[in-house]
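Observations on chain architecture
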Amino acid sequence: MDGARESGRDGGLILEVPHVARVSTLDEAADALAAGELVILPTETVYGLAADAGNPIAVAKVFEAKGRPRFNPLIAHVADLEAAERIAVFDERARALAEAFWPGPLTLVLPIRDEALVCDLARAGLPTVAVRVPGHAKARKLLERFGKPVVAPSANRSGRPSPTTFEHAIEETGPSAAAALDGGDCPIGIESTVVSAVDGVRLLRPGAVTRSEIEAVVGSLASANGHGAGSPGRLATHYAPRSPVRIDVEAPREGEAFLGFGPYAGAGPRSFSLSATGDLREAAANLFRMLREADRTHPSAIAVAPIPHEGLGEALNDRLKRAAGFVG
Ligand code: TXA
Ligand code: MG
């Protein structure tokens, strides 16, 4: 399995997708979770690598498969608000956010209620838990069938772009999974928004639900400054393809791949269009897939057109800055 991944890394081109034939049924996936094994799980945002949140040995396999630092906690996924209230303590604002955005791409960080349901390792020892109810039908069916919380970080190896297609998920962590659910391409393509509702409502990670959509429900957000330690995963450089990334580029240099947006369009085989019409939703759905596709053209770098900061643009620019190594 390492052989297949390494040859992809060396050549920059994945010729062979290991184990891709192993598409599982919902029953097989639920059985794998119950046996303490890992499952490739489609969600509306990105593919996840799922395990039983209450089983520390299964959770340890997730950290190992991703090469993820143990101080970076995982999100617990549940089927509905009732299940979420069994693991976390909701106040009025947290409940209002859950009712507004679940099922869907919002993750709430809340005080933990039941430590047995989401083990210490999954929470990186924190007294809080990140919880979300995904909107993808297959993910919800698996959660209903399994009946317990499931941790599911993005299915990439740590530091790499999140997978938004079944094939990319298999490429990244497929060999570590005992079952894999194919849910097609992820319709949103960028991760959930992470909001802490522990001590005021704070934005810990911009994502698919925009800042203004959240503020429309709970009023203006408290500053996240000084709360970096509350969101441990935000400290790492992230989402990076193999080639260097340059952002806010209006025209690529010779030898570079280009991810265009709106009026900034490239030409030739190394050019990709996040959205020709300047549609941020379309760009979010394309971003991680196109970073991988651009990488496969062996460019000297991947240049990315300027993306406006409003709405979903906040999350897109956050991912691009981290891919370019400007954060961390
Ligand atoms: O869209 C998503 O959220 C995807 C899909 C698969 O659900 N999952 C995902 O998980 O992006 P992951 O592990 O790649 O990112 C989880 C983020 C990390 O930045 C982590 O540090 C933060 O959530 N997080 C988890 N638990 C936390 C906690 N108790 N306090 C603060 N931040 C937490
Ligand atoms: Mg991730």
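Conventions adopted
Residues numbered from 1 in each chain as written. Chains lettered and ligands numbered in written order. Predicted model: local features only at pLDDT ≥ 70, side-chain atom pairs only at ≥ 80, totals over all residues. Heavy atoms only, no water. Helix = DSSP H or I, 4+ residues; strand = E, 2+ residues; numbered from the N terminus. Contact = heavy atoms within 4.5 Å. Areas by Shrake-Rupley, 256 points an atom, 1.4 Å probe, with all protein chains shown as cover. Salt bridge = Lys/Arg side-chain N within 4 Å of Asp/Glu carboxyl O. Buried < 20%, exposed > 50% of the residue type's maximum accessible area, 1.4 Å probe, protein only. pLDDT = per-residue confidence, 0-100. Polar contact = N/O pair within 3.5 Å; in protein donor to acceptor, adjacent residues only side chain to side chain. 1 Å grid on protein atoms, 1.4 Å probe; cavity = no way out; pocket = protein on both sides within 12 Å on 5 of 7 lines; lining within 4 Å. Points joined across faces, edges and corners; volume = space filled by probe spheres on them. Nonpolar A, V, L, I, M, F, W, Y, C, P; charged D, E, K, R; others polar. Core = buried A, V, L, I, M, F, W, Y, C linked by side-chain atoms within 4.5 Å. Phe/Tyr/Trp six-rings, centres within 6.5 Å; stacked < 30°, edge-to-face > 60°. Axes fitted to C-alpha atoms, helices over the stretch in contact; angles between N-to-C directions. Parallel < 35°, antiparallel > 145°, perpendicular 65-115°, else oblique. Left-handed = near helix turned anticlockwise from the far one by under 90°. Arc of directions from axis to C-beta. Pairing = 2+ DSSP bridges.

It is worth spelling out the overall build of the protein chain at this point. What the protein chain contains, in helices and strands, is 10 helices and 13 strands. Look at the contacts in the protein chain between residues 6 or more apart in sequence, and 70% of them connect residues 24 or more apart. Total accessible area on the protein chain is roughly 13,100 Å²; 51% of this is exposed by carbon and sulfur atoms.

It is worth spelling out the pattern of salt bridges at this point. Under the counting rule described, the total for this entry stands at 20 salt bridges. A salt bridge links R211 to E314, with the shortest nitrogen-to-oxygen separation between them at 2.8 Å. Residue R211 is found in helix α8 (residues 211-218), and its partner E314 is found in helix α10 (residues 313-323); the two are separated by 103 residues along the sequence. Among the ionic pairs, E293 bridges to R289, the shortest N-O distance being 3.3 Å. Of the two residues, E293 and R289 are both situated in helix α9 (residues 280-295); the distance of four residues between them amounts to about one turn of the helix. We classify R289 as partly exposed; its relative accessible area is 22%. Counted as one network, the salt bridges with shared partners bring together R160, E171, E172, R292 and R296.

A few words now on the confidence of the model for the protein chain. On average, residues of the protein chain score 91 in pLDDT, and 89% of them are at 70 or above. When the criterion is pLDDT under 50, residues 1-18 qualifies, and its contacts beyond four places in sequence or with other chains add up to 23 contacts.

When helix α3 (residues 56-66) is considered as a whole, its buried residues turn out to be A58, V59, A60, V62, F63, A65 and K66. Looking at the buried side of α3, the elements it contacts are β2 (48-52), β6 (150-151) and α7 (166-173). A distance of 3.0 Å separates the backbone nitrogen of I57 from a side-chain oxygen at the start of α3, and that oxygen is part of N55. Where α3 terminates, the next one or two residues include G67, which has phi positive at roughly 65°.

Moving on, we come to empty space enclosed by the protein. Following the criterion strictly, the structure yields two cavities of 30 Å³ or more and no others. The computed volume of the second largest cavity comes to approximately 40 Å³. Residue lining of the second largest cavity: T193, L203, P206, G207, V209, T210, R211, G311, L312, E314 and A315, and that is the complete set. Residue composition of the lining of the second largest cavity, by class: five nonpolar, four polar and two charged.

A separate point is the nonpolar core. Within the largest apolar cluster, 50 residues are counted, with the highest numbers of intra-cluster contacts made by I40, L108 and I214. Counting residues per element, the ones that place at least two in this core are β2, α3, α4 (81-87), α5 (92-101), β4 (106-111), β5 (128-132), α7 and α8. Here this core takes five residues from α3, the largest share from any one element. In this structure, A208, Y239, F261 and A324 belong to the second largest nonpolar core, which totals 31 residues.

Another point: the packing of aromatic side chains. Tallied over the full model, the rule gives three aromatic pairs. Arranged with centres 5.7 Å apart and planes meeting at 25°, the rings of Y239 and F288 form a pair that is stacked. Placement of the pair is Y239 in the loop between α8 and β10 (245-246) and F288 in helix α9, with a sequence separation of 49 residues. By relative accessible area, which is 1% here, F288 ends up buried.

What follows deals with the packing of helix α2 (residues 26-34) against helix α6 (residues 137-146). Between α2 and α6, the least distance of the axes is 9 Å, while the angle of their chain directions is 55°. Accordingly, the angle class assigned to the pair α2 and α6 is oblique. For the pair α2 and α6, the crossing hand works out as right-handed. Of the residues in α6, those touching α2 at L26, D27, A29, A30, L33 and A34 are K138, K141, L142, R145 and F146.

If you check which residues of α6 are buried, you get A139, L142, L143 and F146. Across the axial projection of α6, the buried residues extend over an arc of 100°, all falling on one side. Those residues of α6 that are buried lie in contact with α2, β1 (39-41), β2, β3 (75-77) and β6.

Bringing the sheet that holds strand β13 (residues 302-304) into the picture now. Read from one edge to the other, the open sheet built from four strands follows the order β10-β13-β11-β12, with strand pairing classed as parallel. What marks the edges here is a single partner per strand, and that holds for β10 and β12 (271-275). Along the sheet, α9 contacts β11 (257-261), β12 and β13; its crossing angle with β12, the most-contacted strand, is approximately 160°.

Locating T165 in the fold gives a position in the loop between β6 and α7. A polar contact is formed between the side chain of T165 and the backbone nitrogen of H168, at a distance of 3.1 Å. In contact with T165, other than residues within four places in its own chain, are Y47, D185 and R289.

Time to look at the sheet that holds β5. Taken together, the nine strands give an open sheet; going across it, the order is β7-β1-β2-β6-β3-β5-β4-β8-β9, and neighbouring strands pair in mixed fashion. Each edge of the open sheet is held by one strand with a lone partner, namely β7 (179-180) and β9 (202-205). Across the sheet, α5 touches β4 and β8 (193-196), and the angle it forms with β4 is around 160°.

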